[in-house]
Amino acid sequence: MPRDLYNATNTFSSQFTKKQIFTMEENNNGVYVSLPAPGGADQKIFVLDTSVILDDSKAIKNFHEHHIVLPITVLEELDNFKKGSEEKNFAAREFIRYLDRASAGNLSLQHWANINGKTHGQFRVVMGHANGVDTDAIFDSVKSDHKILNVVLRVQKENPDRQVILVTKDINLRAKARFLKITAEDYETGKIKNLDELYTGRTLIDKFPTEILDGLFKDGECDASLYFKKKGKKPIPNHYYLFDSKQGTEPIITSFNKQSNKLFLVKKTRTAYKIKHRNIEQLCVIDALLNPNIPLVCLEGVAGTGKTLLALACALEQRRDFHQIYLARPIVPLSNKDIGYLPGDIKSKLNPYMEPLWDNLKYIKNCFTEKDKEYRQINEMVENEKLMVCPLAYIRGRSFSNVFFIVDEAQNLTKHEVKTIITRAGENTKIIFTGDIHQIDTPYLDTHSNGLSYIIDRLKGSPLFAHVKLEKGERSELANLANDLL
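Throughout what follows, the structure given in this document is the object of discussion. (Residues numbered from 1 in each chain as written. Predicted model: local features only at pLDDT ≥ 70, side-chain atom pairs only at ≥ 80, totals over all residues. Heavy atoms only, no water.)

Turning to the overall build of the protein chain, a few remarks are in order. Secondary structure summary: the protein chain contains 16 helices and 22 strands in total. Burial statistics for the protein chain: of 486 residues in total, 48% are counted as buried. At a minimum sequence separation of 6, the contacts of the protein chain that also span at least 24 residues come to 66%. Carbon and sulfur atoms make up 50% of the accessible area of the protein chain, which totals about 25,100 Å². (Helix = DSSP H or I, 4+ residues; strand = E, 2+ residues; numbered from the N terminus. Buried < 20%, exposed > 50% of the residue type's maximum accessible area, 1.4 Å probe, protein only. Contact = heavy atoms within 4.5 Å. Areas by Shrake-Rupley, 256 points an atom, 1.4 Å probe, with all protein chains shown as cover.)

Right, let's talk about the packing of aromatic side chains for a bit. Going through the model one piece at a time under the given rule, you end up with 12 aromatic pairs. When the centroid spacing of 6.1 Å and the interplanar angle of 40° are considered together, the rings of F95 and Y98 count as tilted. A residue pair is termed a helical-turn pair when its members lie 3 or 4 positions apart in one helix, as F95 and Y98 do in helix 4 (residues 87–102) at three residues. Y98 matches F95 in its accessibility class, with the two residues each being buried. Both rings, one in Y273 and one in F368, keep their centres 5.4 Å apart while their planes meet at 70°; by these two values the pair is edge-to-face. You can see Y273 sitting in the loop between strand 15 (271–272) and strand 16 (275–276) and its partner F368 sitting in the loop between helix 12 (346–365) and helix 13 (373–383), a full 95 residues away along the chain. Overall, Y273 belongs to the buried group, its relative accessible area being 4%. Feature note: the residues F46, F63 and Y187 constitute an aromatic cluster, connected by ring pairs. (Phe/Tyr/Trp six-rings, centres within 6.5 Å; stacked < 30°, edge-to-face > 60°.)

Take it as geometry only, folks, not as evidence of what the structure does.
Encoded structure:
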């Protein structure tokens, strides 16, 4: 309960005006200072959850002139995450270091401190108390989430003229907050706003000058800059333009090269380690994967469209151009059992998670007989570790040169994990990301915020990047039925 009343100018004249008053309050957690947020009523107060910090260690700088409140529970949870080699562990350590620098010279983290000079608002750490509402009793359990909700209720009480918003990537916490009439939002920075407009990598053009199409068939290339100029559009590098053909039922497939400013005809006879395309989308994939001038390729599509199979086949086709072929996928354990629960060494632990990759490799091997040299080559590559599984958890700090790197199930990566992987690329390295943005297994990612959607949206138009969306399933009619109706 309140003990004394103080004039703020006596102790904190450098931070607060003479008219600001605060009270010293005491509860089970000790004595703390209760201070209103500085500034005007138009400045909002955002309360950040731990999930936001783990998603983006620089999140506190993305709220412009508005103020940030960090519940003390968030610091406690970050302390639990600071050890480890995963991206969330690095994010926790980075934010803790920032907090230490930003609060240097401040009397207490409970006092408002500048986030980033005059261009941003201020932040402080707050402890929660009952506020007349016992969230643990309401939800019949004692959880860290409820302590965070108590902090929001406290900040609302201290700042009745301000809009107080809880920001969290935890969907259930947002639901609990709204039950208590607390405004709650997802962390939107880096999210794709409109998935319907997500880059697909190809465009179908109905009407196109016949003389240009004739040039394509004659020379295998053509200058289509005049056509795009008339249409008021700029052709996209490594984009696949499909034109209706009078010579057959399938459209003509071309790829735009920015350096030469020309459209190149994609040959329909292309194969990769005896794997042939079954539809136009797969033909575009093979062309992009076999193009030595495109070091980064994304393949997005539903299960059974051939993403991983084609990536592996094209890697084997180019085995002489790279020193090693790495296969990797995020380890997303089920039933709260992490990799440490599995017996054996690291290879034994990884095998259950990597079985889908081996299944695709076996399919390619079965395209040959045991007497064929291609069959023996695959076995030799695995034995000699020219083709190997690489756990993503240990990729930070490494540099990959002369490597064909396939990252499967990339929709389960955060945007920072994707960036970490790409920045590991050395000379003559090609990286392939495959995945389905509608099959996400991690709790704090969705179709708008996962790493695969992020790079597809951000890197479109780069001459070093190509993307193909696959929609037609080729695994089986049964698999297609499940994708369509279940």
